[in-house]
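Descriptive analysis of the structure
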Amino acid sequence: MRIEQIEVRRIELPFVAPFETSGWREVANHSLLVRLRAEGAEGWGEAPVGVGPWYNEETQATAWVIARDHLAPMLLDADISRPEDVDALYTRVRANRMARAGFEFAAWDLFGRLQGQSLRSMLGGVRQQVDVGVSVGVQPDIATLLRVVGAYVDAGYRRVKLKIKPGWDLEPTHAVRTTWPNLLLQVDANSIYALTDAEHLARLDAYDLLLIEQPLAHDDIFDHAKLQRRLRTPICLDESIVSPDHARWALELQACGVINIKPSRVGGLTAARQIHDMAAEAGVPVWCGGMLETGIGRAANVALASLPNFTLPGDISASDRYFRRDIVRNPFVLNADSTLTVPDAPGSGADLDLDFLEQVTLERFVVTR
Ligand code: OSB
Ligand code: MG
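Residues numbered from 1 in each chain as written. Chains lettered and ligands numbered in written order. Predicted model: local features only at pLDDT ≥ 70, side-chain atom pairs only at ≥ 80, totals over all residues. Heavy atoms only, no water.

Turning our attention to the nonpolar core. If you look at the biggest cluster of nonpolar residues, it comprises 111 residues, and the most contacted ones within it are Ile3, Ile6, Leu36, Phe103 and Ile259. Among the elements that make up this core, the one with the highest residue count is helix α3 (residues 97–115) (10 residues). In this structure, this core is formed jointly by two domains, domain 1 (5–116 + 350–368) and domain 2 (121–341), each of which donates at least three residues. Every residue in contact with Ile6, bar those within four places of it in the chain, is listed here: Val34, Arg35, Leu36, Ala72, Leu75, Leu76, Phe103, Phe365, Val366 and Val367. Counting 15 residues, the second-largest nonpolar core is a separate cluster that includes Ile11, Phe19, Tyr322 and Leu352. (Core = buried A, V, L, I, M, F, W, Y, C linked by side-chain atoms within 4.5 Å. Buried < 20%, exposed > 50% of the residue type's maximum accessible area, 1.4 Å probe, protein only. Helix = DSSP H or I, 4+ residues; strand = E, 2+ residues; numbered from the N terminus. Domains from an automatic or database assignment. Contact = heavy atoms within 4.5 Å.)

Now for the site of ligand 1. Taken together, the neighbourhood of ligand 1 is formed by 16 residues, with Ser135, Asp188, Asn190, Leu292 and Tyr322 sitting nearest. In this structure, an oxygen atom belonging to ligand 1 sits 3.0 Å away from a side-chain N or O atom of Lys262. Summarising the interface, the protein chains cover 100% of the accessible area of ligand 1, which totals 390 Å² for the free molecule. Both of domain 1 (5–116 + 350–368) and domain 2 (121–341) provide at least three residues apiece to the shell around ligand 1. (Near = heavy atom within 4 Å. Polar contact = N/O pair within 3.5 Å; in protein donor to acceptor, adjacent residues only side chain to side chain. Areas by Shrake-Rupley, 256 points an atom, 1.4 Å probe, with all protein chains shown as cover.)

Distances from the magnesium ion (ligand 2) to its protein donors, Asp188 (OD), Glu213 (OE) and Asp238 (OD), fall at 2.0 to 2.3 Å. All donors of the magnesium ion (ligand 2) come from a single chain, and their spacing in sequence reads D-x24-E-x24-D. With Asp188 in strand β9 (residues 184–188) and Asp238 in the loop between β11 (235–237) and α9 (244–253), this pair connects stretches of sequence that are 50 residues apart. The exposure class assigned to Asp238 is buried, which follows from its relative accessible area of 0%. (Donors = N, O, S within 2.8 Å, 3.2 Å for Na, K, Ca; no water.)

Interfaces are frequently sized by the accessible area removed from exposure as the parts join. For the chain, the assigned domains are domain 1 (5–116 + 350–368) and domain 2 (121–341). The C-alpha centroid of domain 2 is placed 23 Å from the C-alpha centroid of domain 1. Interface area, domain 1 with domain 2, both sides summed: about 3700 Å², of which 64% is carbon and sulfur. Counting every contact that joins domain 1 to domain 2 gives 3 salt bridges. Across the salt bridge formed by Asp353 and Arg329, the nearest N and O atoms sit 3.7 Å from each other. Applying the counting rule to domain 1 against domain 2 returns 17 residue pairs in polar contact (both at pLDDT 80 or more). Counting residues per element, the ones that place at least two in the side of domain 1 that touches domain 2 are β2 (13–20), β3 (25–29), β5 (41–47), α2 (84–89), α3 and α12 (354–360). Each residue belonging to the side of domain 1 that touches domain 2 can be placed in one class, and the counts come to 23 nonpolar, 6 polar and 10 charged. (Buried area = accessible area lost by both parts, 1.4 Å probe. Salt bridge = Lys/Arg side-chain N within 4 Å of Asp/Glu carboxyl O. Nonpolar A, V, L, I, M, F, W, Y, C, P; charged D, E, K, R; others polar.)

The subject of this paragraph is the sheet that holds strand β1 (residues 5–11). A sheet is described by the order of its strands in space; here 4 strands give the open sequence β5-β4-β1-β15, paired in antiparallel fashion. With one partner strand each, in any of the chains shown, β5 and β15 (361–368) form the two edges of the open sheet. Along the sheet, successive strands turn relative to each other by an average axial angle of 15 degrees, direction set aside. Along the sheet, helix α1 (residues 60–77) contacts β1, β4 (32–38) and β15; its crossing angle with β15, the most-contacted strand, is approximately 15 degrees. Against the sheet, α3 makes contact with β1, β4 and β5, and its axis sits at roughly 150 degrees relative to β5, the strand it touches most. (Pairing = 2+ DSSP bridges. Axes fitted to C-alpha atoms, helices over the stretch in contact; angles between N-to-C directions.)

What follows covers the pairing of β1. Look at any regular strand and the pattern is simple: side chains alternate between the two faces of the sheet. Here β1 lies mainly inside the structure; 5 of its 7 residues are buried. Inspection of the sheet shows β1 paired to β15 by 7 bridges, in the antiparallel sense. Looking across to β15, one finds that Gln5 is bridged to Thr368. Looking at chain direction, β1 and β4 are connected through 6 bridges and run antiparallel. Paired with Arg10 across the strands is Leu32, a residue of β4.

What follows covers the packing of α9 against helix α10 (residues 269–282). At a minimum axis distance of 9 Å, the contact between α9 and α10 shows a crossing angle of 20 degrees. On the basis of their axis angle, the class for α9 and α10 is roughly parallel. The way α9 lies across α10 gives a crossing that is right-handed. Counting all contacts with α9, which are made through Pro244, Ala247, Arg248 and Leu251, the residues of α10 involved are Ala271, Gln274, Ile275, Met278, Ala279 and Ala282. Considering only residue class, the contact of α9 with α10 consists of 8 nonpolar, 1 polar and 1 charged. (Parallel < 35°, antiparallel > 145°, perpendicular 65-115°, else oblique. Left-handed = near helix turned anticlockwise from the far one by under 90°.)

On to the packing of α1 against α3, then. Orientation of α1 relative to α3, taken along the N-to-C sense of each, is 45 degrees, at an axis distance of 10 Å. Taken together, the axes of α1 and α3 are oblique relative to one another. α3 is crossed by α1, and the crossing has right-handed handedness. Together, Ala63, Ile66, Ala67, Leu71, Ala72 and Leu75 of α1 and Ala99, Arg100 and Phe103 of α3 make up the contact between the two elements. Looking at the contact of α1 with α3, its residues break down into 8 nonpolar, no polar and 1 charged.

For α10, with 14 residues, the first-to-last C-alpha span of 20 Å sits near the 20 Å given by 1.5 Å per residue. Leu269, Thr270, Ala271, Ala272, Arg273, Ile275, His276 and Ala279 are the residues of α10 that are buried. In the stretch just after α10, Gly283 is the one whose phi turns positive, near 75 degrees. (Expected span 1.5 Å × (residues − 1).)

Have a look at this one:
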């Protein structure tokens, strides 16, 4: 199949509340959206890059240039017969995985719509509902944190992740654990600690956490293996696992007990599924992380999370946790049992609200064969 037209948009979609991690703060989704057209159908994908190079190296500006100067022309020149061919096409491109994932997602969506098959069934998903939780950013004080977490618990979320950093780790974790003794709880440091903090981090073992996410450097695997030997709580790697090879290295080194899979971080659903399979083989559970996506990227995450080894709740909250209005007409809604329902419709199932999308589009380019 030849792709006939590619459209890429830069959008800005404000969050209901700012989101703060150990190292940065986001007030809006600044994704790149990719639209592929062929044979009378279209597919959409989201590259959920941050506002600055704080999570990984990519930004909306870098993804835009890589998409315009390389990814779009390469795809227009290619002949593809399945979505995995887009993953293979882009193996020549170094890093820039979120930009690549935007195109790869769009290909899955396009093929699914043309073949009348849901993304879940294309990927081999086995669940109609996926367990989800909510990621809670750094808050100004403990009272505010307890109010914010309380509102999510009341809304039905049974798993909470707290963002931590030096000076905001033991105290907030203790406060939430004491207030909700049975809550599924985990923490995420976004690479702010060093191996010399091992003794301090081991104090988190007291709080019955599901996992401690990415305590050490964004590109480290080696020191995480050393740290894991000093903690009872499983380490979960996020930033460090950017490819199936990185997952293999982490598994062989026993650098983590859990892997957070974000399809956008690893270049798309093809690589995400490979990492899922590899972790399953090693007996290591995985869960689906999030990048504060719109309904487009969220649909890809939800479908991926329906695979069998996604046994821990994902950071795939309902759309209203992020946006007052999403760019889809079928936003994800939280079920009473802290799950989201996996769409059955062809492709990702996302039903775009094109009028609203126009309003949040900052810039676009279109290339045609
Ligand atoms: O580290 O998991 C992370 C958001 C942006 C960048 C990195 C992370 C996150 C989250 C939020 O924790 C997950 C979500 O709700 O989408
Ligand atoms: Mg993380």
